[in-house]
Amino acid sequence: MSVKNIMIVGVGGQGTLLTSRILGNLAVRGGYDVKLSEVHGMAQRGGSVVTFVRYGEQVAEPIVEAGQADVLIAFERLEALRYLHFLKEDGVVIVNDWRIDPITVVTGAAAYPEGVLDTLCAARKTIVVEAMKTAKELGVPKSFNVVVLGAAARYVGFGREDWLKVIEETVPPKTVEVNLKAFEAGYLL
Amino acid sequence: MRKSNKNQQKIREQSGTYALQGGENVSEKKILLGNEAIARGAYEAGVKVSAAYPGTPSTEISESIAKYDEVYAEWSPNEKVAAEVAIGASIAGVRSMCSMKHVGVNVASDPLFTAAYTGVSGGMVIVAADDPGMYSSQNEQDSRMVARAAMIPVLEPSDSAEAKEFTKLAFDLSEKYDTPIMVRSTTRLSHSQGIVELEERTEREPVAYERNIAKYVMMPANAIKRHIAVEERMKKMGEDACGMSVNRVEYRDLSVGFITSGIPYQYVREVMPEASVLKLGLVHPLPRKLIEEFAARVDTLYIFEELEPVIEEQVKSWGILKAVGKELFTVQGEYSANMLRERVLGQKCQVMPQAQVPARPPILCPGCPHRSVYSVLNRLKIHAAGDIGCYTLGAVAPLSVVDSTICMGSSISTLHGMEKARGKEYIRNWVAVIGDSTFMHTGINSLMNMVYNQSAGTVVILDNSTTGMTGHQDHAATGKTLKGEVVPAINIAGLCRSLGIEHVYEISAFDLDGLAEAFRRETKRDAVSVIITKAPCVLLKGVTFPDKCVPVQEKCRKCGACLRPGCPALTKNEDGTVAIDETMCNGCGLCEKLCKFGAIETRKADRT
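Owing to the predicted nature of the structure, the values given are computational and were not obtained by experimental measurement.

J.: Sorry, what's going on with the overall build of chain A here?
T.: Scanning chain A for helices and strands turns up 8 helices and 6 strands. For chain A, the α and β elements follow one another from N to C terminus as β-α-β-β-β-α-β-α-α-β-α-α-α-α. Here the C-alpha radius of gyration of chain A, 16 Å, is about what a compact globule of 189 residues would show, namely 16 Å. Principal-axis analysis of the C-alpha atoms places the extent of chain A at approximately 50 × 40 × 35 Å. Among the 189 residues that make up chain A, the fraction classed as buried is 56%. Look at the contacts in chain A between residues 6 or more apart in sequence, and 65% of them connect residues 24 or more apart.

Printed below as a string of structure tokens:
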């Protein structure tokens, strides 16, 4: 197979690193070569963060570049829009219907764009996920990221059982149960 | 992680050289960060001592190596100390390592430049992690330049698997050529994950100690001779480099050839899999013959290296003028596959323009104690000479407190310099701000200078009980080591008083009135004073806020006072009243204190 390019974008602290680790382990389990690229340090403090996952028979570069992504998983609407141009023409964006105002918006220096979801839908195939609502129903709002991952699963590939197994092996032991539930809920959305 | 079978792997020293006895070759594949792979390589190579000061993108090397029981690993107060610890361990005959970010190499350069003269007993590796693109740094200097100046050889891996292999090789080369050696990483390598095959650790007996002042006491008479040895070693290594397997020629289509190394090699392979490539693993000293042969065989020759033209300038100095490098590629930032597509192949890569969206720069977390301290400094219109850490973020709106940031520890000394330039009155509305870890790193030296040279400056130590920006590492004042041992914590207030500073105050970072009073009083004082603001980092393990801040909408007068410090949990409703995101709020209570109308309350949170 040709290399599959996946991006996970969001706001620092939303759990992009954990979800990329799940994807990485999934690819290893599938017997693929895989490379992941992450952002640590300063940018993690509430800034815009992006993680790249590439898997296939052989992977050279560790990042996904503009116009190359097959799947864009976004934990926040504005961040989906920021990285939309990374998608291939037939790429798909899975977006969490959630808004976090950047500091530039809070201070009034900039305005949060109107109609982000419409812009996304007009440009590329778009799956909107109300992950926060689902995660709150599960009683653990912080598990929204795995709900989004569940909704993205069928576009990323791999079988449902593989996902569940890898999530179980990757997330902290105490959170296995809730993360499995969150994935299932997202998968069924 | 696996542990070696020590008995099976025991190595005996034979007539002064190492004899390797292969253990069972256990193959286990794991997906590892570049930094984890470097740590694994050092572990497998039998490293005994590792020292470092945290710094993005190098931090995870130490955090990973600390997990191995066979390795002593420490956080040192700064990179100079770390390098010296590694040098001492090497003199004592064991394999040692120090790791640091690129600017840490500057701090460590004093010992490194002379360790290049002494050489080693046990192999010694310096890991330098550069940051092209400055994801988390104050500059994007190229550590290969420093290594060249220091006459230290450099290996540069291009993925996690090589990161492990090259680190192991580095120890062998260090011992073979009697030199400290650098493994150079970049952010993209350090923070990318790839598949690595794990092998067993090879234990080594320490090299027997022999007093040798001609080699280890660098006074002029000895150093003059060692300088000759250094030159000979680098020349020999350059010749040998032509036959080293890490310098690999991949002949394919001869019309285009690339000389490259590290992560840029991957971009070449991605975009031009048919092009010929000379992949350099040892980037200093260069294998001149190998390069000349390669250059002669290919028609068009590109040199594809991030940051400075280190390879390019040497290659051109040998008369290979057809090489194309920085004429086409930049000295700034990270390279990419699209750069090759556009500049070499002339392709248009972007299928659609980037959307115009508001920037989302990093900010202080909700509940961060720095925000509270800065809100007071901002209100009092006090300027701050800043330093390196999360609190550098106080430079930007809306806090806008920090006016300068240069390097670790510089806040205190730059304030001192300002005072000496313009007099005491000039700094009445100035303070220096520095974090606890940065103060222990190099701030203490500057404070000693303030005492000695009779400064009137006010130093604010933002003590959040950790090294925050790099992801919560311990230091000498936290009472815990890298290995997790509980040890006596150096008392920062006591340390300052011991310098003879009379006015040292510890105040809660959330005591707004106390802070304001102390800032007003101490900036007027004609003597050095230290204000230590105390509250742990909100992200620190074990720190919990029992409360949540909740708006009382009917009392809100829409004045915006609570919004001024820029807490990301606070936004405005459509009617102008304040809204607080309960999933983000850590309940620090800063907004409640700033509200004069009682429109924000802190309530017990039912946390999940």
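Moving on from the coordinates now.
J.: Would you mind showing me how to read the overall build of chain B here?
T.: When helices and strands are tallied, chain B shows 20 helices and 25 strands. Dimensions of chain B, computed from C-alpha atoms along their principal axes, come out at roughly 80 × 65 × 55 Å. Out of the 608 residues belonging to chain B, those deemed buried represent 53%. Sequence-distant contacts in chain B: of pairs separated by 6 or more residues, those separated by 24 or more amount to 74%.

J.: Even after reading the chapter, I still don't get helix α2 (residues 34–44) of chain B, so can you show me in this structure?
T.: Given 3.6 residues per turn, any residue in an α-helix points the same way as the ones three and four places further on. Residues and elements named next belong to chain B. Counting buried residues in α2 gives 11 out of 11 residues, a clear majority hidden from the surface. Those residues of α2 lying buried are Gly34, Asn35, Glu36, Ala37, Ile38, Ala39, Arg40, Gly41, Ala42, Tyr43 and Glu44. Immediately downstream of α2, the backbone of Gly46 shows phi near 85°, a positive value.

J.: Whenever I open this one, the domain arrangement of chain B confuses me. Can you help?
T.: One frequent convention defines the size of an interface as the accessible area lost when the parts assemble. The domain architecture assigned to chain B consists of domain 1 (6–241), domain 2 (248–343), domain 3 (369–534) and domain 4 (547–604). Centre-to-centre, using C-alpha coordinates, domain 2 of chain B lies 56 Å away from domain 4 of chain B.

J.: Would you take a moment to explain the interface of chain B and chain A for this structure?
T.: Counting from both sides, the interface comprises 47 residues of chain B and, opposite them, 46 residues of chain A. Elements that contribute at least two residues to the side of chain B that touches chain A include exactly β10 (192–198), α11 (262–271) and α14 (337–343) of chain B. Taken together, the residues of the side of chain B that touches chain A break down into 26 nonpolar, 17 polar and 4 charged. One ladder, built from 2 bridges, connects strand β2 (residues 33–37) of chain A with β10(B); its direction is antiparallel.

J.: Sorry if this is basic, but what is going on with the nonpolar core here?
T.: Side chains of a nonpolar character, in soluble globular proteins, are inclined to be buried together. Among the nonpolar cores identified, the biggest contains 164 residues, and Met7(A), Leu72(A), Val148(A), Ala82(B), Ala86(B) and Cys98(B) are the most heavily contacted of them. Counting only domains with at least three residues in this core, you end up with domain 1 (6–241) and domain 2 (248–343) of chain B. In contact with Leu72(A), not counting residues within four places along its chain, are Met7(A), Val9(A), Ala80(A), Tyr83(A), Phe86(A), Leu87(A), Gly91(A) and Val93(A). Core analysis: the second largest hydrophobic core is formed by 49 residues, Ala432(B), Val433(B), Cys496(B) and Ala535(B) among them.

J.: Quick question: what am I supposed to make of the sheet that holds strand β20 (residues 503–508) of chain B here?
T.: Pairing between sheet strands relies on hydrogen bonds along the backbone, with the strands arranged either parallel or antiparallel. All names here are of chain B. Read across the sheet, 6 strands follow the order β17-β16-β18-β19-β21-β20 without closing on themselves; strand pairing throughout is parallel. Across the chains shown, the open sheet's two edge strands, defined by having one partner strand only, are β17 (402–404) and β20. Averaged over neighbouring strand pairs, the angle between their axes works out to 30° when direction is ignored. Bridge count for strand β18 (residues 430–435) against strand β19 (residues 458–463) is 4 bridges, and the pairing is parallel. Across the sheet, residue Ile434 finds its bridge partner in β19, namely Ile461. Sheet contacts for helix α19 (residues 512–524): β18, β19, β20 and β21 (529–534); angle to β20, the most-contacted strand, approximately 160°.

J.: Could you clarify how one ought to interpret the sheet that holds strand β11 (residues 248–250) of chain B in this entry?
T.: Residues and elements named next belong to chain B. In spatial order, the strands read β11-β13-β12-β15; together these 4 strands make up an open sheet with mixed pairing. Looking at which strands have only one partner, the edges of the open sheet turn out to be β11 and β15 (300–304). Strand after strand, the sheet turns through a mean of 15° between neighbouring axes, direction not considered. When strand β12 (residues 253–260) meets β15, the two strands line up parallel, connected through 5 bridges. Within the sheet, the bridge partner assigned to Phe258 lies in β15 and is Tyr302.

J.: Sorry if this is basic, but what is going on with helix α15 (residues 369–379) of chain B here?
T.: Residues and elements named next belong to chain B. Counting buried positions over the 11 residues of α15 gives 9, a clear majority of the element. Of the positions making up α15, those classed as buried are Pro369, His370, Arg371, Ser372, Val373, Tyr374, Ser375, Val376 and Leu377. On its buried side, α15 packs onto β16 (383–385), β19, α19, β21 and α20 (590–594). A positive phi of about 55° marks Lys381, the residue just after α15.

J.: Would you take a moment to explain the packing of helix α16 (residues 410–422) of chain B against helix α17 (residues 436–452) of chain B for this structure?
T.: A pair of packed helices is captured by two measures, namely the crossing angle of their axes and the spacing between those axes. All names here are of chain B. In contact at an axis separation of 7 Å, α16 and α17 are set at 25° when each is read in the N-to-C sense. Taken together, α16 and α17 sit at an angle that is classed as roughly parallel. Between α16, through Ile412, Ser413 and His416, and α17, the contact on the second element is made entirely by Gly443, Ser446, Leu447, Asn449 and Met450. Counted by class, the contact of α16 with α17 contains 3 nonpolar, 5 polar and no charged residues.

J.: Help me out: how do you make sense of the environment of Asp178(B) in this one?
T.: All names here are of chain B. Position of Asp178 among the secondary structure elements: in the loop between α7 (160–176) and β9 (181–186). Sequence separation between Asp178 and Ala116 is 62 residues, and the spatial gap between their C-alpha atoms is 8.9 Å. Leaving out residues up to four positions away in the same chain, Asp178 has contacts with Gly119, Val120 and Arg233.

J.: I keep staring at the packing of helix α1 (residues 16–29) of chain A against helix α6 (residues 144–156) of chain A and nothing clicks. Help me out?
T.: All names here are of chain A. Here α1 crosses α6 at 35°, and the two axes come no closer than 11 Å. By crossing handedness, the relation of α1 to α6 is classed as right-handed. Mapping the contact onto sequence places Leu18, Thr19, Ile22 and Leu23 in α1 and Asn145, Leu149 and Val156 in α6. Among the residues making up the contact of α1 with α6, the classes are represented as 5 nonpolar, 2 polar and no charged.

J.: What exactly am I supposed to notice about the environment of Glu70(B) here?
T.: Mapped onto the fold, Glu70(B) is located in the loop between α3 (59–65) and β5 (72–75). Along the backbone, Glu70(B) and Arg201(B) are 131 residues apart, and their C-alpha atoms lie at a distance of 9.5 Å.

J.: Is there a simple way to think about the pairing of strand β7 (residues 124–130) of chain B in this case?
T.: Within a regular strand, the side chains alternate between the two sheet faces. All names here are of chain B. Counting buried residues in β7 gives 7 out of 7 residues, a clear majority hidden from the surface. Bridge count for strand β6 (residues 96–101) against β7 is 6 bridges, and the pairing is parallel. The residue bridging Ser99 from the neighbouring strand is Val127, located in β7. For the handedness criterion, the β-α-β arrangement of β6, helix α5 (residues 102–118) and β7 is classed as right-handed. Judged from the 6 bridges that link them, β7 and β9 form a sheet pairing that is parallel. Looking at β9, one finds that Val125 is bridged to Ile181.

Analysis parameters
- Once a new chain begins, its residue numbering starts again from 1 and follows that chain's sequence as written.
- Lettering of chains starts at A and numbering of ligands starts at 1, both following the order in which they are written.
- Local features in this predicted model are restricted to residues of pLDDT 70 or higher, and side-chain atom pairs are both shown and tallied only at a pLDDT of 80 or more, whereas totals for entire chains, interfaces and linings draw on every residue.
- Numbering of helices and strands starts at the N terminus; helices are DSSP runs of H or I of at least 4 residues and strands are runs of E of at least 2.
- Values of the radius of gyration come from C-alpha atoms, whereas the globule rule sets the reference at 2.2 Å times the count of residues to the power 0.38.
- Each residue is classified by how many other C-beta atoms fall within 10 Å of its C-beta atom, where C-beta atoms are placed from the backbone; a count of 20 or more means buried, 12 or fewer means exposed, and values in between mean partly exposed.
- A residue pair is marked as a contact if its C-beta atoms, positioned from the backbone, fall within 7 Å.
- Throughout the structure description, domain borders are defined by an automatic or database domain assignment.
- Each residue receives one of three labels: charged for Asp, Glu, Lys and Arg, nonpolar for Ala, Val, Leu, Ile, Met, Phe, Trp, Tyr, Cys and Pro, and polar for the others, Gly being one of them.
- In this analysis, strands are considered paired if DSSP registers two or more bridges between them.
- Remark: nonpolar core denotes a set of buried Ala, Val, Leu, Ile, Met, Phe, Trp, Tyr and Cys residues whose joining runs through C-beta atoms within 7 Å.
- Under this scheme, a helix contributes an axis fitted over its contacting stretch, all axes are lines through C-alpha atoms, and angles between N-to-C directions fall in the 0 to 180 degree range.
- For classification purposes, angles smaller than 35 degrees are called roughly parallel, those larger than 145 roughly antiparallel, those between 65 and 115 roughly perpendicular, and all remaining angles oblique.
- Handedness of a helix crossing follows the sense of rotation of the near helix relative to the far helix, less than a right angle counterclockwise being left-handed and clockwise being right-handed.
- The path from the first strand over the helix to the second decides the hand: if it runs clockwise while the strands point away from the viewer, the crossover is right-handed.

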